[in-house]
Amino acid sequence: MSEGRKQSQALFERAARVLPRGVSSNFRYWGDGATPMVARAEGGYIWDVDGSRYYDYRLGFGPVILGHALPAVDEHVREASRDGVVYAFTTEREVRVAEKIVEMCPGVDMVRFANSGSEATMHALRVARAYTGRDKIIKFEGHYHGMYDYVLWSTASSTMEIETMGNRRSPVPVSSSSGIPRALHDLVITLPFNDVEILEDTLKRTWFDVAAIIMEPMMGNVGSIEAEPEFLQAVRRLCDEYGVVFIMDEVKTGFRVAQGGAQELLGVLPDLATYAKSIGNGYPIAAFGGKREIMDIIGDGVAHGGTYCANNVGIAAAEKTLEILSGTDALEQVAERGRQLQKGISDILEAHSIPFVFTGHPSMFGVHFAEQCPREYRDYLASDYQTYNAILEELVVRGAMPDPDSREPWFFCAAHTEADIDDTLNLFEQSVDAVLANQH
Ligand SMILES: Cc1ncc(COP(=O)(O)O)c(C=O)c1O
C-alpha cells in the first residue's frame, strides 16, 4: 500500500461540504481525518483514492459474496439493462428469480421484492401486523433491522451503555437516534438475546399485543453472536403457541452461511424471512418471503409496493448471483477462507496468551476477547473489545480492512485467495504486536 492520505483528505473535505460528514451513511464516517475515500474495488481488494490497496473484509457490509466487479454478474446486468430498467410490470426474469429463491430457501413459499434490507424488514413487519391484527413487536438488544423508526431501538449503534439499558429482565428500549417519535417506544419490546425464560415470561404477559418476533439468526451487527439452538427452537414453539409471526432477518446471513441461509444451516424455519446483501453480489435488490398463508394476504388490504421493486438491474444481478451460488461450490470456498483465517488468528492469539472466542459462521465471524462465548449484546459490552478494536485499527493501517469496529463481522468472498489470507495473517500478527507494545 502507498503512503499517506493526501488525496483522500482533500476529497473528504470536498465531500463534507455537500454530504453531512462527507458520507451517505453514518456508518461510513470514521472521523474527520480518517474517513476512507474509495476509488474502486475488484475481487477481494479495494483501493482508496491515494492508490492504497486493502484486502477487503467489509465487502460493503456483506453483500459482495462472489467478489467485487465479477464480470459474469456485471455482464449479465449490462445485457439485461439493454431491455430497459423499470416497467412497473412483472417480467419473466423476475418470476424466474422468485422461483429460484423459493427453491433455495426451505421456509419460503412466496416472495415479494424490495430494494434494501430496511425495506424488506419494514414490509415483513407490516405483513405480520396485518396477519395477526396486533401492533407490537419483540426485537432483541443489539439486533439491527434497518434505518427506520420502528426498529431503531436498542441497536448496537444506540448509545447503549449498560447503564442506559435497564435490567435484563425488563430492558428499556433505547432509541438509536433523535427524531424517532416517542410514541413508537410503546410498540417495541426489547429483550436480551438467547434467554428463553425472559422471552417466555414476556409473551405470557403480552402475547395478545405482539405481532412478530424479529431476530438476526447471527448478530451480523454485533460480532456474529449466534442464536443458540434451544433458543431458536423456543422462539419457534412460542410463536406457534401464541400466534406470533416469527421473522428471521437473513439480510446478512441469507445466501451466505448456506445456500438456504441460516434457516437451512440451523434447521429452524421462520414464518417470514428477509433477504438483501448477498442475493445480488452488491447490486441493490432485496426480498421478503415465507409461508404462503401469510404472504398471500399481500394485496388483500395489505400494502406493499415501490417503483424500483424488482427493477431489471437488481433482478438480473440476483439471477446470475443465485445461479452461481446454487451451481458451484462458491459458498464452500468462502467458508474455507474464513476457516483459514480463524486458524491463523487462533495460533497468533494463543501464542500471545490472549483469551478469545469466535462466534458466527466462518463466512461472517466475530472475534471476542473474552473467556466465554458472548450470548447477547450485554456480554459483548463486557468483553475487551477495546483491545481488539485497537488491533483492527492497526490492521487497517497495514492494508487489511475488516471493519475496525468489531461489532461488524469479518466477511469473506469467493475471490479471496489463500495467499490473501496468509498475508492478512502476517499483518494481523504485526498489529497484535504493535498494540501489545503500546500497552506495556
Ligand atoms: C440484519 C440486517 N437487517 C437489515 C439491514 C438493513 O439493510 P439495508 O442497509 O440494506 O437497508 C441490515 C444492514 O446491515 C442488516 O444487517
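Residues numbered from 1 in each chain as written. Predicted model: local features only at pLDDT ≥ 70, side-chain atom pairs only at ≥ 80, totals over all residues.

Undergrad: Honestly, the domain arrangement of the chain in this entry has me stumped. Any pointers?
TA: How big an interface is tends to be stated in terms of the accessible area lost upon association of its parts. When cut into domains, the chain gives domain 1 (6-65 + 329-439) and domain 2 (71-327). Each of domain 1 and domain 2 was reduced to a C-alpha centroid, and the two centroids are 25 Å apart. If you look at the interface, domain 1 gives 25 residues, while domain 2 gives 30 residues. For the side of domain 1 that touches domain 2, the elements supplying multiple residues, two or more each, are α10 (330-351), β15 (357-361), β16 (364-368) and α11 (377-382). (Domains from an automatic or database assignment. Contact = placed C-beta atoms within 7 Å. Helix = DSSP H or I, 4+ residues; strand = E, 2+ residues; numbered from the N terminus.)

Undergrad: Is there a simple way to think about the site of the ligand in this case?
TA: Lining the immediate environment of the ligand, one finds 16 residues, of which Ser116, Gly117, Ser118, Gly146 and Val251 sit closest. Of the residues in the shell around the ligand, the class split is 5 nonpolar, 8 polar and 3 charged. (Near = placed C-beta within 6 Å. Nonpolar A, V, L, I, M, F, W, Y, C, P; charged D, E, K, R; others polar.)

Undergrad: Please clarify how the nonpolar core should be interpreted in this entry.
TA: Among soluble globular proteins, nonpolar side chains are generally buried collectively. In terms of nonpolar packing, the biggest core is built from 117 residues, with Ala128, Ala212, Ile213, Val245, Ile247 and Ala287 touching the most fellow members. Take this core: its biggest share by element is 7 residues, from helix α4 (residues 117-132). Both domains that meet at this core, namely domain 1 (6-65 + 329-439) and domain 2 (71-327), each give it at least three residues. Setting aside its immediate chain neighbours within four residues, Ala128 contacts Ala211, Ala212, Val245, Ile247 and Leu272. (Core = buried A, V, L, I, M, F, W, Y, C linked by C-beta atoms within 7 Å. Buried ≥ 20, exposed ≤ 12 C-beta atoms within 10 Å, placed from the backbone.)

Undergrad: So what exactly am I meant to see when it comes to the sheet that holds strand β2 (residues 45-48) here?
TA: Strand order in the open sheet made by the 4 strands is β1-β2-β3-β17, with mixed pairing throughout. Every other strand in the sheet has two partners, leaving β1 (38-42) and β17 (400-401) as the edge strands with one partner each. The sheet contact formed by β1 and β2 spans 4 bridges and is antiparallel. Across the sheet, Arg40 pairs through a bridge with Trp47, a residue of β2. (Pairing = 2+ DSSP bridges.)

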